[in-house]
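Here's the letter readout for the chains.
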Amino acid sequence: MPDYSDLIRVFGKIGLLSFGGPAAQISLMQTELVDRRKWLGEKQFLQALSFCMLLPGPEAMQLATYAGWRLRGVPGGLIAGLLFVLPGACVILGLAFGYVYFGDLPVVQAVFAGVKAAVVIIVIQALSKLAGRALLDWQARALALAAFGAIFVLSVPFPVIIAMAALIGLFRASTPPDKPLPKHDFSTVKTLRTILIWGGLWLAPVVLLWVSGSDLLLDVALFFSKLAVVTFGGAYAVLAYMTQEIVQSYGWLTTEQMIDALGLAETTPGPLILVTQFAAFVAGFQHSGPGLAVLAALICLWVTFVPCFLWIFAAAPYVETLLAKPRLQGAFDAIAASVAGVILNLAVWFSLHVLFDEVTHGTYGPVVRFADFSGFDAGLVALAACLFVGLRLSMLSGLAVMAGLTGLLHVVM
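Here we summarise the structure given alongside this text. Here the residue numbers are simple positions, counted from 1 along each chain's written sequence. Given that this is a predicted model, residues contribute local features only at a pLDDT of at least 70 and side-chain atom pairs are listed and counted only at 80 or more, while totals for whole chains, interfaces and linings are drawn from all residues. Excluding hydrogens and water, the side-chain figures rest on all heavy atoms present in the structure.

### Focus: the pattern of salt bridges
Here is step 1: Any carboxyl oxygen of Asp or Glu that lies within 4 Å of a side-chain nitrogen of Lys or Arg is treated as forming a salt bridge with it. On inspection of all chains with the given rule, the structure shows 6 salt bridges.
Here is step 2: Between Lys 13 and Glu 32 there is a salt bridge; the shortest N-O distance is 3.0 Å. Placement of Lys 13 in helix α1 (residues 4-17) and of Glu 32 in helix α2 (residues 21-36) is noted, with a sequence separation of 19 residues between them.
Here is step 3: When a residue's accessible area, from a 1.4 Å probe over protein chains only, is under 20% of the maximum for its type it is buried; when over 50% it is exposed; and in between it is partly exposed. Residue class for Glu 32 comes out buried when judged on its relative accessible area of 2%.
Here is step 4: Across the pair Arg 369 and Asp 372 runs a salt bridge whose closest N-O atoms are separated by 3.1 Å.
Here is step 5: Look at the salt bridges and you will find they share partners, linking Lys 13, Glu 32, Arg 36 and Arg 37 into a network. Each helix is a run of H or I in the DSSP string that is no shorter than four residues. Each strand is a run of E no shorter than two, and both are numbered from the N terminus.

This is how it looks when you write it as structure tokens:
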């Protein structure tokens, strides 16, 4: 069993190098924890991954937390989880400051034109990968199309889509003959105590903000707390719902700013869900300057990631029992299928805002005019497709090329 100094060194390294999204982050953890140091067995690691995919929230961060818990209990889980998140959170905070102070400069806007084109292809690639895993039969494809229609045409809230998909999955899952469930290593009293402690930590700032009467910060705390409960399927899935709410319901950011936020989050280590921190910072800055912006970002981080520790520390002792329940797996499979439809909505939504100068919101989804089509931006999207799909550049390399190219074109022209 590693000591705390080894744990800090290894998970610190993972946190600093965790670029490229959950697939790359999980691969890095497998290399460091399973292949190189043998701290976890292959079966243990895969079981942990399956368990984390059943939970709301960023699966890679929760996998790191679970691995730390498995190795050194709750202190180990805290070390691993925090080191996975904090490097990226610090980078995002710095980028957010730069964005709000310099984002309106013409050269910076030109750079972001390339980033936005790249984001369209990145989201489409994420959709393609998820569809390959989740849409294996006609029922899954039907669920995906229904989810797309519900959110794109009818504006059905993302939590409702997730709940309906889970219910469908529960009822259509086959149940094998009864067999003994694996034994768990748990104490009911200890589990309840864990839930009370971490649930209290999660809700404490919400209660304080409610008492203090800070409207914006309370809205941030409540909204991102709700988001933490429904983030099944990763950040790309929840981004569609998040964009819809932040842009249309709260008016904190524009769709273009949300695309910028995703592009910046793609360039930082740590979970992609750190895009929420960026959004909260910009919302706070536009409301009342840098002081409120930092507070909003910190509150967002708290209510986004404290629930992750709650899920892991409360449910980790039940892993084998949970994974042995076919109806639970059926619910997850249905959620994964519906998430593909939600990400398709995100891809269409972002594409329209990149390719058209003006997008209005009609009764049944976004409305565009052909006269507003931007041939230049379409060319940038095509170039991004060549870089990511044709040349298979990494996410960071592709973003750097697109940003550098559009920045150079601005200077030259």
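Still more to cover.
### Focus on the nonpolar core
Considering soluble globular proteins, one finds that nonpolar side chains tend to be buried as a cluster.
Here is step 1: Working definition of a nonpolar core: buried Ala, Val, Leu, Ile, Met, Phe, Trp, Tyr and Cys residues. They are joined through side-chain atoms within 4.5 Å. In terms of nonpolar packing, the biggest core is built from 148 residues, with Phe 224, Tyr 236 and Met 242 touching the most fellow members.
Here is step 2: At 18 residues, the largest contribution of residues to this core is made by helix α13 (residues 290-315).
Here is step 3: Should any heavy atoms of two residues lie within 4.5 Å, those residues are considered in contact. When neighbours within four sequence positions are excluded, Tyr 236 is seen to be in contact with Ile 122, Val 123, Ala 126, Leu 262, Glu 266, Leu 272, Ile 343, Leu 346 and Met 395.

### Some words on a nonpolar patch on the surface
Here is step 1: Residues enter patches when they are more than 30% accessible in relative terms and free of salt bridges; like-charged ones are connected within 9 Å and nonpolar ones (Val, Leu, Ile, Met, Phe, Trp, Tyr) within 5 Å. In short, Shrake-Rupley with a 1.4 Å probe defines the accessible areas, and a residue's cover is counted only from the protein chains shown. Side chains of Tyr 101, Phe 102, Leu 105, Val 107, Leu 408, Val 411, Val 412 and Met 413 sit close together on the surface and give an oily, nonpolar patch of about 890 Å² of accessible area.
Here is step 2: If you list the elements that add at least two residues to the nonpolar patch, you get α4 (59-102) and α17 (395-412).
Here is step 3: Along the chain, Leu 408 turns up in helix α17.
Here is step 4: Relative accessible area serves as the criterion here: at 51%, Leu 408 is assigned to the exposed category.

### Section: the packing of helix α12 (residues 275-288) against α13
Here is step 1: Axis definition: a line fitted to C-alpha atoms, limited for helices to the stretch in contact. Angles are taken between N-to-C directions and run from 0 to 180 degrees. Between α12 and α13, the least distance of the axes is 7 Å, while the angle of their chain directions is 150 degrees. In terms of axis orientation, α12 runs roughly antiparallel to α13. Our pair here, α12 against α13, has a crossing hand that is right-handed. Only Pro 290, Leu 292, Ala 293, Val 294, Ala 296, Ala 297, Cys 300, Leu 301 and Thr 304 of α13 make contact with α12, whose side of the interface consists of Thr 276, Gln 277, Ala 280, Phe 281, Gly 284, Phe 285, His 287 and Ser 288.
Here is step 2: Under the convention adopted here, Pro, Cys and the residues Ala, Val, Leu, Ile, Met, Phe, Trp and Tyr are nonpolar, Asp, Glu, Lys and Arg are charged, and Gly plus all remaining residues are polar. Split by residue class, the contact of α12 with α13 holds 11 nonpolar, 6 polar and no charged. To sort the angles, those under 35 degrees are grouped as roughly parallel, those over 145 as roughly antiparallel, those from 65 to 115 as roughly perpendicular, and the leftovers as oblique. Left-handed describes a crossing in which the near helix is turned anticlockwise from the far one by less than a right angle; the clockwise case is right-handed.

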